[in-house]
Amino acid sequence: MKDQFVTKKILNWYDLNKRSLPWRKNVSPTKKQYFTLVSEFMLQQTQVATVIPYFNRFIKNIPNLSSLARTNDKKLYKLWEGLGYYSRVKNLRKTAQVVKKNFQGKLPDTFDDLISLPGIGNYTASAILAIAFNKSFIPLDGNVERVLKRYLFLKKEKEITKENLHKKKSILGTSPRSSDYAQALMELGALICKPTNPNCLKCPILKKCKSFRKKDFKLVKNSKKNIDKYFILNVYKKDKKYLLVKNTKFKFLKNLRIFPMQELSKPKKFNKTINFKMSNMNMNIKIQYPKNVREISSSCWVDQKKIGNSMLPTFTKKVVKYLEGNL
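To start, this report covers the structure provided alongside it.

Rules and cut-offs
- Residues numbered from 1 in each chain as written.
- Predicted model: local features only at pLDDT ≥ 70, side-chain atom pairs only at ≥ 80, totals over all residues.
- Heavy atoms only, no water.
- Helix = DSSP H or I, 4+ residues; strand = E, 2+ residues; numbered from the N terminus.
- Buried < 20%, exposed > 50% of the residue type's maximum accessible area, 1.4 Å probe, protein only.
- Contact = heavy atoms within 4.5 Å.
- Lys, Arg positive; Asp, Glu negative; His and termini not counted.
- Charge placed at Lys NZ, Arg CZ, Asp CG, Glu CD.
- Polar contact = N/O pair within 3.5 Å; in protein donor to acceptor, adjacent residues only side chain to side chain.
- Salt bridge = Lys/Arg side-chain N within 4 Å of Asp/Glu carboxyl O.

Regarding the overall build of the chain
Here's step 1: Summing up its helical and strand segments, the chain has 14 helices and eight strands in all.
Here's step 2: Reported as C-alpha extents along the three principal axes, the dimensions of the chain are approximately 70 × 50 × 30 Å.
Here's step 3: For the chain, buried positions account for 45% of its 327 residues.
Here's step 4: Considering only residue pairs separated by 6 or more positions, the chain has 66% of its internal contacts joining residues 24 or more positions apart.
Here's step 5: Within the chain, one finds 69 positive and 22 negative side-chain charges whose respective centroids are separated by 3 Å.

Here it is in structure tokens:
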């Protein structure tokens, strides 16, 4: 059931309170599509305040999809340096290349076409369709989920599943201003319905919010089961350089540089050296120092002093910190 009262209230609030963000500038439709694409990739797992200067610099140096498609690695990674999660920028360029090749250089405006592009999943596709193309989609990011959970007082495990939240979001209604409305919902979660200490008295929909009525704003998260996995990690070092390989065999950190590793089935006895958590994976790692360096495909030697400021994944950097006694 849609509630147009909610829609109007949220849009009115947004018109008066929205932040001035560089990707919200009044530009041509083509530029808006490009700005949305770049900002959505950058905003994955990164806060708005951090993204703003990176976005401005990126757009200044790579102003459109065509130039992005042909940008070389050195320039691309330099502009992204410090944002982390470098697979995002790799996929961003791949997307530009696919769009140039298969869509005549124009960002597609259908859900199925968008999710076929590298690095674009359900959320990002929905966000692009709503924000860039003004289509009636409500992207369900963490901010919108929070608003929905509190507004409807969703607490039970079955109530807060992604599937149920997607069903329940229809209560938020629709608007001819789909682009603004999608951003308004995100803004409401980011500025008002914050994870802790929500500013309810400034919320445009507090009168109908069940959590406000009950004075219970605690959020319940889906419980994720941590999966225990076991790895042997081999360290090869010479002349203060570490041997790293391009990861082509593990699903995590795909195509990024890591130490040579092998996964073990659950061993009876396993004396782990270090432990890392990655998403819901609990990585039990035993470090070995083989005497002889064997030939490893796609390997390279990296100076230990340069690793901290490199584009290597955080996991690899943390292993080096441990090896150097700094973790």
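Side note on the side chain of Asn247
Here's step 1: Within the secondary structure, Asn247 sits in the loop between strand S3 (241-246) and strand S4 (257-258).
Here's step 2: Relative accessible area serves as the criterion here: at 2%, Asn247 is assigned to the buried category.
Here's step 3: Polar side-chain contacts of Asn247 include one of 2.9 Å to the backbone oxygen of Leu253.
Here's step 4: If we ignore the near neighbours within four places in the chain, the residues touching Asn247 are Phe252, Leu253, Lys254, Asn255, Leu256 and Ile258.

Concerning the pattern of salt bridges
Here's step 1: Applying the stated criterion across every chain yields a total of ten salt bridges.
Here's step 2: Taking the shortest distance from any N to any O, the salt bridge between Arg24 and Glu187 comes out at 3.1 Å. Remark: Glu187 occurs in helix H11 (residues 178-191) and Arg24 occurs in the loop between helix H1 (4-17) and helix H2 (29-42); sequence separation between them is 163 residues.
Here's step 3: Given a relative accessible area of 22%, Arg24 falls into the partly exposed group.
Here's step 4: Of the charged contacts, one joins Glu145 and Lys162 as a salt bridge, the two residues approaching to 2.3 Å between their closest N and O atoms.

Function-wise, these values are silent; they only describe arrangement.
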